[in-house]
Amino acid sequence: MTEPPQTAEPTPPPGGPAPAPGATDPAAAEPPPQSPGAVRRRASLVGAVVSALLIVAIVLGSRLLRDFDSALLPYAVATVFLAFGVAYRYTVWISAPGARRLFRKGWGSFFSVANFRKAPTALPRMIATYLGFQKFLGARSHARWAAHQLIFWGCLLAAAITFPLTWGWFTFTSSTGAGPGYEMRIWGFKVLGFDSLSVLGWLMFHGLDIAAVLVIPGAGYFLWRRMKDRGAITGQRFAYDLVPLLALIVISVTGLLLTFSSIFLHGGGYEFLAILHMVSVVFTLIYIPFGKFFHIVQRPAAVGMQLFKYTSRRKDEEGEVFTCRRCHQPIDTAPYVENLQGTMRDLDLGFEGWAEYCPRCKRVLRGTAYLDHVKKGFK
């Protein structure tokens, strides 16, 4: 990227605009960058602490392992490795200057009491539209949005059922010894009694099947798109883009086959399917922190950034919004532009002056610079 050419309009000074009188340099407040070894050691320590806390929660939540099902031990061990991987990767991620600024601004807005008082419905609305229903995907493609929703809600339902059961937090016991009456207990306390032959009972015992039915068409659509769409094929990587989709499909299909075997085959092939299902689930859980699924962990911070932009706009409703230096059209709020400039300074990009131009003027200035300094050499 080249610097904006000299035009009649004022261009940003090198290194970005000068700070206002009395203001402190945001870059000076940032801690010095740490060495990769120090970051890895701190991330390993955080991961170990989070894993230890999860183990303690499993032991206490299962009433000192009285409600823990030993047959689910591989799944529980995989969740401990998942906790370590997520904590490790997240710590490494926020150690980068740009991610650290996103983390601070995002979560600062997320837990801001002042923001809640000024816009009490903003946070629930952001969570519902940006995190839950992901409306930003609908602007790209309605089909991709629908497929993503199927995967999101299917995985969320599966996680809400699988994790507590794996940890021994939820138990289902027969109140009569032979059924059909069952009790659902959380941490040993009775929460719900239901008839296994009722609609509620069917939903309770087939929740994972419903999740699989949601995930399969969503993952299948994205897998089909990555085999047919030329733009997706160009930049895709097998381990990063295709393996997650294949893993979701294998987990869902083997889970449905377990139900099919128990109902229609009288348990035929159940042992093999159970091992195959367990291996696929364990592999996926361990893969999550180091693959494409890690964006699930990063997304809440992005929600906080959207809230930061929204509340900043509300503060500037009665004042002036930051305008483009060239065409003087509104760009965004001054806090958002300053945050973008601070991120560029943190990364030593030297492009913070470009944040003061709107997207159209950036394209015009780059095109003018190309015509004046590059194409002229070919004449």
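Because the structure is predicted, anything quoted here is derived from the model rather than measured. (Residues numbered from 1 in each chain as written. Predicted model: local features only at pLDDT ≥ 70, side-chain atom pairs only at ≥ 80, totals over all residues. Heavy atoms only, no water.)

**Q** What is the right way to look at the sheet that holds strand β1 (residues 170–174) in this model?
**A** Within a beta sheet, neighbouring strands are joined by backbone hydrogen bonds and run either parallel or antiparallel to one another. Read across the sheet, three strands follow the order β1-β2-β3 without closing on themselves; strand pairing throughout is antiparallel. For this open sheet the edge positions go to β1 and β3 (189–195), each flanked by a neighbour on one side alone. On average, each strand axis in the sheet is inclined to that of its neighbour by 25°, with strand direction left out of account. Pairing analysis gives five bridges linking β1 to strand β2 (residues 181–186), with the strands arranged antiparallel. Among the inter-strand pairings, Thr171 is bridged to a residue of β2, identified as Arg185. (Pairing = 2+ DSSP bridges. Helix = DSSP H or I, 4+ residues; strand = E, 2+ residues; numbered from the N terminus. Axes fitted to C-alpha atoms, helices over the stretch in contact; angles between N-to-C directions.)

**Q** Explanation requested: the state of the cysteines in the structure shown.
**A** Where two cysteines share a covalent bond between their sulfur atoms, that bond is called a disulfide. Applying the stated criterion across every chain yields a total of zero disulfides. With no disulfide of its own, Cys327 lies 3.6 Å from the sulfur of Cys361, the closest cysteine sulfur. Looking at Cys327, the relative accessible area reads 27%, which means it is partly exposed. Not part of a disulfide, Cys361 finds its nearest cysteine sulfur in Cys358, a span of 3.5 Å. (Disulfide = S-S within 2.5 Å. Buried < 20%, exposed > 50% of the residue type's maximum accessible area, 1.4 Å probe, protein only.)

**Q** Got a minute to help me understand unusual backbone geometry in this structure?
**A** Where the residue is not glycine, phi is negative for most of them; where a peptide bond is considered, it is trans in most cases. Despite not being glycine, Gln134 shows a phi value in the positive range, around 45°. With respect to the element layout, Gln134 can be found in the loop between α6 (122–132) and α7 (135–138). The phi angle at Trp187 is positive, at roughly 55°, despite the residue not being glycine.

**Q** I keep staring at the environment of Val77 and nothing clicks. Help me out?
**A** Structurally, Val77 is set in helix α3 (residues 73–95). A C-alpha to C-alpha distance of 9.6 Å links Val77 and Trp167, two positions 90 residues apart in sequence.

**Q** I tried to follow a nonpolar patch on the surface on my own but got confused; where do I start?
**A** Taken together, the side chains of Val253, Leu257, Phe260, Ile263, Phe264 and Leu265 make up a nonpolar region of the molecular surface, amounting to roughly 540 Å² of accessible area. By the secondary structure assignment, Ile263 is in helix α12 (residues 238–264). Taking the relative accessible area as the measure of exposure, Ile263 reaches 47% and is therefore partly exposed. (Patch = residues over 30% accessible without salt bridge, like charges linked within 9 Å, V, L, I, M, F, W, Y side chains within 5 Å. Areas by Shrake-Rupley, 256 points an atom, 1.4 Å probe, with all protein chains shown as cover. Salt bridge = Lys/Arg side-chain N within 4 Å of Asp/Glu carboxyl O.)

**Q** How should I be thinking about the nonpolar core in this particular structure?
**A** Generally speaking, soluble globular proteins have nonpolar side chains that are buried together. In this structure, Ala219, Leu248 and Leu285 are the most contacted members of the largest nonpolar core, which totals 21 residues. If you list the elements that add at least two residues to this core, you get α3, α8 (142–167), α10 (207–228), α12 and α13 (270–287). The element that contributes the greatest number of residues to this core is α12, accounting for six residues. In this view, Leu248 contacts Ile151, Cys155, Val215, Ala219 and Phe293; residues no more than four positions away in its chain are not counted. (Core = buried A, V, L, I, M, F, W, Y, C linked by side-chain atoms within 4.5 Å. Contact = heavy atoms within 4.5 Å.)

**Q** Just checking my understanding: could you explain the pairing of β2 for this structure?
**A** Across six bridges, β2 lies against β3 in antiparallel orientation. Note on β3: the bridge partner recorded for Glu183 is Gly193. Where β2 folds back onto β3 in an antiparallel hairpin, the turn is made up of two residues, including Trp187, whose phi is positive at roughly 55°.

**Q** Sorry, what's going on with the confidence of the model for the protein chain here?
**A** The predicted coordinates should not be examined in detail at positions where pLDDT is low. When pLDDT is averaged along the protein chain, the result is 81, and 85% of the positions lie at 70 or above. For the protein chain, per-element mean pLDDT is lowest for helix α1 (residues 26–29), which scores 46, and highest for helix α2 (residues 36–61), which scores 94. Note on residues 1–28: pLDDT under 50 across the span, and 39 contacts to partners over four residues away in sequence or across chains. (pLDDT = per-residue confidence, 0-100.)

**Q** What should I look at first to understand the pattern of salt bridges in this one?
**A** Proximity of charged atoms lets side chains of opposite charge pair with each other. Counted according to the given criterion, the structure contains six salt bridges. Between Glu183 and Lys190 there is a salt bridge whose closest N-O contact spans 3.6 Å. If you follow the salt bridges from partner to partner, you end up with Glu183, Arg185 and Lys190 in one network.

**Q** How should the packing of α3 against helix α4 (residues 97–110) be read in this particular structure?
**A** Angle between the axes and distance between the axes are the two parameters that describe a pair of packed helices. Put simply, α3 and α4 touch, their axes get as near as 5 Å, and they point 100° apart. As judged from the angle between their axes, α3 and α4 are roughly perpendicular. Within the contact between the two elements, α3 uses Tyr90, Trp93, Ile94 and Ser95 and α4 uses Pro97, Ala99, Arg100, Leu102, Phe103 and Trp107. Residues that form the contact of α3 with α4 fall into these classes: eight nonpolar, one polar and one charged. (Parallel < 35°, antiparallel > 145°, perpendicular 65-115°, else oblique. Nonpolar A, V, L, I, M, F, W, Y, C, P; charged D, E, K, R; others polar.)

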